[in-house]
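Architecture at a glance
This is what each chain is made of:
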Amino acid sequence: AHCPVYTASKHGVLGFTRSLAEASRLGNYGIRINALCPSFVNTAILDTINHEENLGNFYQFKDGVKNLIKVFGVLEPSVIADGFVQLLEDDSLNGAVMKITTTKGVHFENY
Ligand SMILES: NC(=O)C1=CN([C@@H]2O[C@H](COP(=O)(O)OP(=O)(O)OC[C@H]3O[C@@H](n4cnc5c(N)ncnc54)[C@H](O)[C@@H]3O)[C@@H](O)[C@H]2O)C=CC1
Ligand SMILES: CCCCCC(=O)CC\C=C/C=C/C=C/[C@@H](O)[C@@H](O)CCCC(=O)O
């Protein structure tokens, strides 16, 4: 929401992930490809919403993003690291989309 180009790029990453995962399975590449999609995480990127040069025309919506952050909270990076380890350790996962949010914790999006 609020940042259409950013959001479009993330959707592209998911399509790329799922397509490459299937290619890897069919081609026996020997690698698994998964995506990890967290809600807000406590890193430097969250500060970009305070800078007009980052958001351009969408800077006007920054209060909306701040409100989402207030409503949903901010995850600590260690929670994301735990999810990442789960993706590494579970050999059955390929083309998976792991979401991590404050309300639902670690869960998977099924398409
Ligand atoms: N922090 C958050 O709330 C969330 C972040 N993400 C995504 O997670 C990923 C990591 O983000 P954060 O660690 O939060 O951001 P961050 O701003 O803390 O770190 C991003 C890192 O990418 C590096 N970087 C930027 N452009 C680069 C380039 N062209 N080549 C190589 N490195 C480059 C920066 O130097 C920086 O170290 C990003 O793709 C972000 O969109 C996804 C969901 C939530
Ligand atoms: C051009 C820079 C854009 C900067 C964008 C950011 O600030 C980073 C945004 C990262 C993640 C955004 C997540 C948003 C999630 C919410 O819309 C909502 O879907 C979260 C739901 C959480 C829950 O159900 O608990």
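Here, the structure is the one placed above.
Just so it is clear, the structure is predicted and the values come from calculations on it, not from any experiment. (Residues numbered from 1 in each chain as written. Chains lettered and ligands numbered in written order. Predicted model: local features only at pLDDT ≥ 70, side-chain atom pairs only at ≥ 80, totals over all residues. Heavy atoms only, no water.)

A closer look at the site of ligand 1
Taken together, Tyr 6, Lys 10, Pro 38, Ser 39, Phe 40, Val 41, Thr 43, Ala 44, Ile 45 and Leu 46 are the residues near ligand 1. Computed on the free molecule, ligand 1 has an accessible area of 830 Å², of which 36% lies beneath the protein chains in the complex. In terms of residue class, the shell around ligand 1 is built from seven nonpolar, two polar and one charged. (Near = heavy atom within 4 Å. Areas by Shrake-Rupley, 256 points an atom, 1.4 Å probe, with all protein chains shown as cover. Nonpolar A, V, L, I, M, F, W, Y, C, P; charged D, E, K, R; others polar.)

Some details on the packing of aromatic side chains
Applying the stated criterion across every chain, the model contains one aromatic pair. Stacked on the ring of Tyr 59, the Lys or Arg Lys 62 has its end atom at 4.8 Å from the ring centre. (Phe/Tyr/Trp six-rings, centres within 6.5 Å; stacked < 30°, edge-to-face > 60°. Lys NZ or Arg CZ within 6 Å of the ring centre and 35° of its normal.)

Section: helix 1 (residues 4-27)
An ideal rise of 1.5 Å per residue puts 34 Å on 24 residues; helix 1 measures up with 34 Å between its terminal C-alpha atoms. Residues of helix 1 that are buried: Leu 14, Thr 17, Ala 21 and Ser 24. (Helix = DSSP H or I, 4+ residues; strand = E, 2+ residues; numbered from the N terminus. Expected span 1.5 Å × (residues − 1). Buried < 20%, exposed > 50% of the residue type's maximum accessible area, 1.4 Å probe, protein only.)

Some words on the pattern of salt bridges
Under the definition given, this model contains three salt bridges. We note a salt bridge from Glu 22 to Arg 25, for which the minimum N-O separation is 2.7 Å. Separated by three residues within a single helix, Glu 22 and Arg 25 lie in helix 1, roughly one turn from each other. With its nearest N and O atoms 3.7 Å apart, the salt bridge here joins Arg 32 to Asp 91. Taken together, the positions of Arg 32 in the loop between helix 1 and strand 1 (35-38) and Asp 91 in the loop between helix 4 (77-89) and strand 2 (97-101) put the pair 59 residues apart, joining distant regions of the chain. (Salt bridge = Lys/Arg side-chain N within 4 Å of Asp/Glu carboxyl O.)

Focus on the layout of surface pockets
Its volume calculated, the largest pocket comes out at about 1300 Å³. For the largest pocket, the lining is made up of 37 residues, of which Tyr 6, Lys 10, Pro 38, Ser 39 and Phe 40 are closest to its centre. When contributions to the lining of the largest pocket are tallied by element, the ones reaching two or more residues are helix 1, strand 1, helix 2 (52-55), helix 3 (62-72) and strand 2. Sorting elements by how many residues they give to the lining of the largest pocket places helix 1 first, with eight residues. Broken down by class, the residue content of the lining of the largest pocket amounts to 24 nonpolar, 10 polar and three charged. (1 Å grid on protein atoms, 1.4 Å probe; cavity = no way out; pocket = protein on both sides within 12 Å on 5 of 7 lines; lining within 4 Å. Points joined across faces, edges and corners; volume = space filled by probe spheres on them.)

What about the nonpolar core?
Within the largest apolar cluster, eight residues are counted, these being Val 41, Leu 75, Ile 80, Leu 87, Leu 93, Ala 96, Met 98 and Ile 100. For this core, the secondary-structure elements that each account for two or more residues are helix 4 and strand 2. Every residue in contact with Val 41, bar those within four places of it in the chain, is listed here: Leu 46, Val 74, Leu 75, Glu 76, Pro 77 and Ile 80. Residues Cys 3, Phe 40, Ile 49 and Ile 69 belong to the second largest nonpolar core, which totals six residues. (Core = buried A, V, L, I, M, F, W, Y, C linked by side-chain atoms within 4.5 Å. Contact = heavy atoms within 4.5 Å.)

Note that every value here comes from positions in space, so none of it alone points to a role or purpose.
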